[in-house]
Amino acid sequence: MRRTGVTVVERQLRYRWEWGFDPTTLPNRPEKHKGTTRDVTVWPYQRAREKGIDLAIGLDVIDLALNGHMDVAVIVSSDTDLCEAARMVHQATLAKGQRVSIEAALFSEGRKPILLSHYDYTRQLRFPDFEAAKDSFDYSEHIAQAMETTFAASCDPLRRHFSA
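Residues numbered from 1 in each chain as written. Predicted model: local features only at pLDDT ≥ 70, side-chain atom pairs only at ≥ 80, totals over all residues. Heavy atoms only, no water.

Q: Outline the packing of helix α1 (residues 53-66) against helix α2 (residues 83-95), supporting the account with residue identities and numerical values.
A: Put simply, α1 and α2 touch, their axes get as near as 9 Å, and they point 15° apart. Relative to α2, the element α1 lies roughly parallel. Between α1 and α2 lies a crossing whose hand is right-handed. Between α1, through Gly58, Val61, Ile62, Ala65 and Leu66, and α2, the contact on the second element is made entirely by Ala85, Met88, Val89, Ala92 and Thr93. Residue classes in the contact of α1 with α2 are distributed as eight nonpolar, two polar and no charged. (Axes fitted to C-alpha atoms, helices over the stretch in contact; angles between N-to-C directions. Helix = DSSP H or I, 4+ residues; strand = E, 2+ residues; numbered from the N terminus. Parallel < 35°, antiparallel > 145°, perpendicular 65-115°, else oblique. Left-handed = near helix turned anticlockwise from the far one by under 90°. Contact = heavy atoms within 4.5 Å. Nonpolar A, V, L, I, M, F, W, Y, C, P; charged D, E, K, R; others polar.)

Laid out in structure tokens, this is it:
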């Protein structure tokens, strides 16, 4: 992706210990087993967590909004830390006289919509939305020079806009 001009922000994963169990060992209808006991085996495992990428996204959104490079931002995340970036963008751009709209998009299969504070709108995405937008390109494979050149050329109008 870097070869084609995309700015890539990386953060090292950190691992923390958590406890897990096999949910199939639990009863299907817990209300029928009220007052009974059941042995469940739990085991420790390490879970990967990224750290700091939400701050990088939030700062980029604020920077782009304050420099007039966007009218609307859609942040695809359910991370509530990014709600503060939305609040800041609203305050700062409203003070400049040109309020930027900030929307959230998050994946949720629940019936009740998830609403995040400080966003103008929270879009509820479902599994079919994810499948329709999924990028199946294998970025670990080498791409042909012609394809790389074509992709980079398609980004030139954006690059010129953001560098101005």
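Q: I'd like to hear about unusual backbone geometry, residue by residue, with values.
A: Phi is positive for histidine 118, close to 75°, though the residue is something other than glycine. Checked against the element boundaries, histidine 118 lands in the loop between β4 (101-107) and β5 (121-125).

Q: Help me get a handle on the sheet that holds strand β3 (residues 72-76), residues and values and all.
A: Strand order in the open sheet formed by three strands is β3-β4-β5, with parallel pairing between adjacent strands. The sheet is open, and its two borders are formed by β3 and β5, each paired with just one other strand. Here the strands of the sheet are splayed against their neighbours by 25° on average, with no regard to which way each runs. Here β4 runs beside β5; their pairing, made up of five bridges, is parallel. The residue of β5 that forms the bridge with glutamate 103 is tyrosine 121. (Pairing = 2+ DSSP bridges.)

Q: Kindly report on the pairing of β3, identifying the contributing residues and their values.
A: Burial along β3 is one-sided: Ala73 and Ile75 are buried, and none of Val72, Val74 and Val76, which face the opposite way, are. With five bridges joining them, β3 and β4 adopt parallel strand pairing. Each residue of the ladder has a partner; that of alanine 73, found in β4, is isoleucine 102. (Buried < 20%, exposed > 50% of the residue type's maximum accessible area, 1.4 Å probe, protein only.)

Q: With reference to specific residues and values, describe α2.
A: Along its 13 residues, α2 runs 19 Å from first to last C-alpha, staying within 8% of the 18 Å computed at 1.5 Å per residue. Listed in full, the buried residues belonging to α2 are Cys83, Ala85, Ala86, Val89, His90, Ala92 and Thr93. Looking at the buried residues of α2, the elements they touch are α1 and β4. Remark: glycine 97 follows α2 within two positions and exhibits a positive phi of approximately 90°. (Expected span 1.5 Å × (residues − 1).)

Q: Any chance you could break down the pattern of salt bridges for me, citing the residues and the numbers?
A: Enumeration over the complete set of coordinates arrives at four salt bridges. The residue aspartate 120 makes a salt bridge to arginine 99 at a minimum N-O spacing of 2.6 Å. Of the two residues, aspartate 120 is situated in the loop between β4 and β5 and arginine 99 in the loop between α2 and β4; the sequence distance between them amounts to 21 residues. For arginine 99, a relative accessible area of 41% corresponds to the partly exposed category. Linking arginine 123 and glutamate 103 is a salt bridge whose minimum nitrogen-to-oxygen distance equals 2.9 Å. Taken together, the residues span a long stretch of sequence, with arginine 123 in strand β5 and glutamate 103 in strand β4 at a distance of 20 residues. With relative accessibility at 37%, the residue arginine 123 sits in the partly exposed group. (Salt bridge = Lys/Arg side-chain N within 4 Å of Asp/Glu carboxyl O.)

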